[in-house]
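Residue-level structural notes
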Amino acid sequence: MLEKLRSEVELVARHLEVVRVVAENQPIGIMKLAEMTGEPSHRIRYSLKVLESQGYIRASPSGAVVTEAADEMLAHFNEEIDTLIALLEEMRDGKGT
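Quantities reported herein were computed from a predicted structural model and do not represent experimental measurements.

Let's shift gears to helix α5 (residues 77-92). Taking 1.5 Å per residue as the helical rise, α5 with its 16 residues ought to reach 22 Å, and the 23 Å between its terminal C-alpha atoms agrees with that figure. Remark: Gly94 follows α5 within two positions and exhibits a positive phi of approximately 75 degrees.

On to the packing of aromatic side chains, then. Per the counting criterion, the structure on display carries zero aromatic pairs. Positioned above the aromatic ring of Phe77 is the side chain of Arg20, whose terminal nitrogen or guanidinium carbon lies 5.1 Å from the ring centre.

Right, let's talk about the side chain of His15 for a bit. Here His15 lies in helix α1 (residues 2-25). Excluding its chain neighbours within four sequence positions, the residues that come into contact with His15 are Tyr46, Ser47, Val50 and Leu51.

Next up on the list: unusual backbone geometry. Following Gln26, the chain continues to Pro27 via a peptide bond in cis, the omega torsion being -10 degrees. For Pro27, the position within the fold is in the loop between α1 and α2 (30-37).

What follows covers the pattern of salt bridges. Throughout the structure, instances matching the rule amount to five salt bridges. Glu3 is the salt-bridge partner of Arg6, the closest N and O atoms lying 3.7 Å from each other. With Arg6 and Glu3 both in helix α1, this residue pair falls three residues apart, about one helical turn. Note on accessibility: Arg6 and Glu3 belong to one class, exposed. One salt bridge connects Arg43 with Glu39, and the closest N-O pair in it is separated by 3.4 Å.

Criteria and thresholds
Residue numbers restart at each chain and count upward from 1, following the sequence in its written direction. Reporting of local features is limited, given that this is a predicted model, to residues whose pLDDT is at least 70; pairs of side-chain atoms are given and counted only at 80 or more, and all residues count toward the totals for whole chains, interfaces and linings. Calculation of side-chain values draws on the structure's entire complement of heavy atoms; hydrogens and water are dropped beforehand. Each helix corresponds to a stretch of at least 4 residues labelled H or I by DSSP, and each strand to a stretch of at least 2 residues labelled E; elements are numbered beginning at the N terminus. In this analysis, the expected span of each helix is defined as 1.5 Å times one less than the number of residues it contains. Between rings of Phe, Tyr and Trp, where Trp is taken as its six-membered ring, a pair exists when centres lie within 6.5 Å; planes separated by under 30 degrees are stacked, by over 60 edge-to-face, and by other angles tilted. Over a ring means this: the NZ of a Lys or the CZ of an Arg is within 6 Å of the ring centre and within 35 degrees of the ring normal. In this description, contact between two residues means that some pair of their heavy atoms is separated by no more than 4.5 Å. Salt bridges are defined by distance alone: a side-chain nitrogen of Lys or Arg within 4 Å of a carboxyl oxygen of Asp or Glu. Accessible area is worked out with a 1.4 Å probe on protein chains only. A residue is then buried under 20% of its type maximum, exposed over 50%, and partly exposed in between.

This is the structure in structure tokens:
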């Protein structure tokens, strides 16, 4: 049951790494992103597609760049993670809904 959750968390972690690398090195292309993250280019391409569909990055003639939505998400990321951790701790302790 938890394998699907683990898989989703790993995927989100990859997307997060991609958006962070883009934010720090924009504009940046797929090959450079793959080199910097150690991920194959097909996975980077997929992450970029997902991040673009969610409004976190956009394509430019020089490569991927982040949007204001990405800046906002990154600014509040730790609080969101803390909320998820608290929920998981409640589940572990049998106090979840």
